[in-house]
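# Chain and residue survey
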Amino acid sequence: MNKIIKRRPLLSSDTLSEHPLLNRIYQSRGVKSKTELDLTLKGLHHPKLLANIEQAVELLVESFQKQERIVIVGDFDADGATSTSLALLALRQFGFEKVDYLIPDRFSQGYGLSIAIADMVIAKGADLVLTVDNGISSFDGIDLLKAHGIKVLVTDHHLPADSLPNADAMVNPNLEYCEFPSKSLAGVGVIFYVMMALRAEFRELNLYRDQEPNMAEFLDLVALGTVADVVPLDYNNRILVNQGLNRIRSGMCRPGIQALLEIAKRDQSSLQASDLGFAVAPRLNAAGRLENMSLGVELLTSNSMSLARQLALELDSLNQTRKEFEQEMKTEALAICAKLPKLSHQDKAHGIVLYQPDWHQGVIGILASRIKDQFHRPVIAFAQESEESDYLKGSARSISGIHMRDLLERIDTNYPDLIVKFGGHAMAAGLTIHQDHFQRFQTLFDETINEFAEPELLQNVLYTDGELNGNEFNLQTAELLKQAGPWGQNFAEPMFEGEFKVLQQRLLAGKHLKLMVENQQGMLLDAIWFNVDVRAFPDLSIKQAKLVYKLDINEFRGNRNLQLLVEYLHA
């Protein structure tokens, strides 16, 4: 699909950096003052700004004093694994002796604190349940626990419905009445804040039996979960991620994270946020996609480097299997898309809804994301809930300007018999429907998108930071940009555009386009375009092209050379 290249508009006229290029980049990302470039911990919002945090801490203190049994209920993605691990490690450091955890099985139990998970919690003899990265929509599971006299503390970041579950306390920055300035905390960020508040209360009540926990020790987990969940990197999240990255670079991280970096062949000392997102998170997520995320929690909580390396090997193997499933499913999905005449129609907004009976339920989220990226449409991919079930589970991914959870809520309100359950965010959501309703859902999804959005939203716009000057094509500029991050969701890594002569080109491994290009100043530059779709770009004889690219440093056998990471090529 052709893309429209536009330069990012400047959202500020303030001087934010003495370096002209950085100043322009920060201005176009909505940085309001130089204060927002200070990524030290003193800039974090205070835990007391979170609604209900006092009640949450009170529950945990009471549980500690009564020596009650706590069961942490997590989620089966990387944010859930890091949240569960952080809660488990922190509570043990505080001196809690009876702490256990449960991660739902994606295939047999589904998401969150369901009835099935509540039954397991009851069997464990829990006095208090602490949810992390879930719980805000767990009405039935919480009601069952309350009926058995079990207290429930919900920590979550997902968007709540109009009504709330009957928990003893709920900490979620997205509660309507919560005045916490950052609404973009990941689940791991929320539980980190709860533990910070608990540390202050323990100090006030003089409850420490041993040394007071150093909360900075958990920032590696916070950084990983925040980047992996693709939440917006607002100022508060950039502080959390930056501080976590600094600890990892200096070698002060969990053995599990170190083991994942080793197996992904990433240099720990120069780690970037993108390494967490593209190398570490997929391997961790593979456990929840294909087996059970307990494997991921065991890795992240292990103190043994040898065990961590063994578990990382298992995760890497699962991730290879996941890639094979994904490639096969993507080929089938593209074949379905090729038969959709609406994809060539620009006069009406619409989405893409896909289903194959044999698709793997754990991989449909990645599939939806890949198809969304290719066609710039909201996408929902469905798989069978189980072989015996008549229900389909769907994973949804959206584009900027179309709020996926609000879209599903509109459908649910207008057609209450259609969706069994749903939940999520603006850009990603999950849902369940009856398989007999699939075609009806396809139609209503398109109709609702057409009500929600103008066709212009479906234009695939690639925003750049303009052209680089000739004297900016160097290692110093590339280093400057790396250090100016962390970059990520809603704080995009700098991307540039320019006309280049194409001097050499060849295909590597059938999917990576290796180029030698010449810029307008006559400088020769290496460039590479990873995972190029050769069906969309079959012509490898081009002599001149407009490139959209990122500056990168290619390190090989001790040599460091500038290279362009191509994001798009227009011949």
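Here we summarise the structure given alongside this text. This is a predicted model, so every value here is computed, not measured. Counting starts from 1 at the beginning of each chain's written sequence and moves along it residue by residue. Per-residue local features of the predicted model are confined to residues with pLDDT of at least 70, and side-chain atom pairs are confined, for both listing and counting, to 80 or more; whole-chain, interface and lining totals are unaffected and use all residues. To get the side-chain values, take all heavy atoms of the structure and skip hydrogens and water.

## Quick notes on the sheet that holds strand 7 (residues 352–355)
Note: two strands are recorded as paired if DSSP finds a minimum of 2 bridges between them. By definition, any uninterrupted DSSP run of H or I lasting at least four residues is a helix, any uninterrupted run of E lasting at least two residues is a strand, and each is numbered from the N terminus. Pairing is mixed in the open sheet, where five strands are placed in the order 7-8-9-11-10. Where the open sheet ends on each side, the last strands, each with one partner, are strand 7 and strand 10 (419–424). For this sheet the average axis-to-axis angle between neighbouring strands, irrespective of direction, equals 20 degrees. Pairing geometry for strand 10 and strand 11 (residues 428–434), over five bridges, is antiparallel. A fitted line through C-alpha atoms represents every axis, and for helices the fit uses only the stretch in contact; the resulting angles, taken between N-to-C directions, go from 0 to 180 degrees.

## A few points about the packing of aromatic side chains
Two aromatic rings from Phe, Tyr or Trp, using only the six-membered ring of Trp, form a pair when their centres are within 6.5 Å; if the ring planes differ by under 30 degrees the pair is stacked, by over 60 it is edge-to-face, and anything between is tilted. In total, this model carries 17 aromatic pairs according to the counting rule given. Aromatic pair Phe 382 and Phe 441: ring centres 5.7 Å apart, planes at 90 degrees, arrangement edge-to-face. Of this pair, Phe 382 sits in strand 8 (residues 379–384) while Phe 441 sits in helix 15 (residues 438–452), and the two are 59 residues apart along the sequence. Grouping residues by exposure puts Phe 382 and Phe 441 together as buried. Judged by centre distance (6.3 Å) and plane angle (85 degrees), the rings of Phe 473 and Phe 500 are edge-to-face. Of this pair, Phe 473 sits in the loop between strand 12 (461–464) and helix 16 (475–483) while Phe 500 sits in strand 13 (residues 496–508), placing them 27 residues apart in sequence. Of the two residues examined, Phe 473 and Phe 500, each falls in the buried class. The rule is short: NZ of Lys or CZ of Arg within 6 Å of the ring centre and within 35 degrees of the ring normal puts a charge over the ring. A cation over a ring is seen here: Arg 238 above Phe 491, with NZ or CZ 4.0 Å from the ring centre. Type-normalised accessible area, obtained with a 1.4 Å probe on protein chains alone, sets the label of each residue: buried when under 20%, exposed when over 50%, and partly exposed for intermediate values.

## Examining the environment of Pro 282
When you line up the elements, Pro 282 lands in helix 10 (residues 273–290). Along the sequence, Pro 282 and Asn 319 sit 37 residues apart, while their C-alpha atoms lie 6.9 Å from each other. Apart from residues no more than four positions distant in its own chain, Pro 282 is found in contact with Leu 276, Gly 277, Asn 319 and Arg 322. We call two residues contacting when some pair of their heavy atoms lies within 4.5 Å.

## Brief notes about the packing of helix 3 (residues 78–94) against helix 6 (residues 187–205)
Close contact between helix 3 and helix 6 brings their axes to 8 Å; oriented N to C, the two are set at 10 degrees. It follows that helix 3 is roughly parallel to helix 6 by the angle criterion. Here the hand of the crossing between helix 3 and helix 6 comes out right-handed. On the side of helix 3, the interface is formed by Asp 79, Thr 82, Ser 83, Leu 86, Ala 87, Ala 90, Leu 91 and Phe 94, while helix 6 contributes Gly 187, Val 188, Ile 191, Phe 192, Met 195, Leu 198, Arg 199 and Phe 202. All residues other than Ala, Val, Leu, Ile, Met, Phe, Trp, Tyr, Cys, Pro, Asp, Glu, Lys and Arg, Gly among them, are scored as polar; the first ten of these are nonpolar and the last four charged. The residue inventory of the contact of helix 3 with helix 6, partitioned by class, reads 11 nonpolar, three polar and two charged. We call two directions roughly parallel when the angle between them is under 35 degrees, roughly antiparallel when it is over 145, roughly perpendicular when it lies between 65 and 115, and oblique otherwise. Crossing handedness: left-handed means the near helix sits turned counterclockwise from the far one by under a right angle, and right-handed means the same turn made clockwise.

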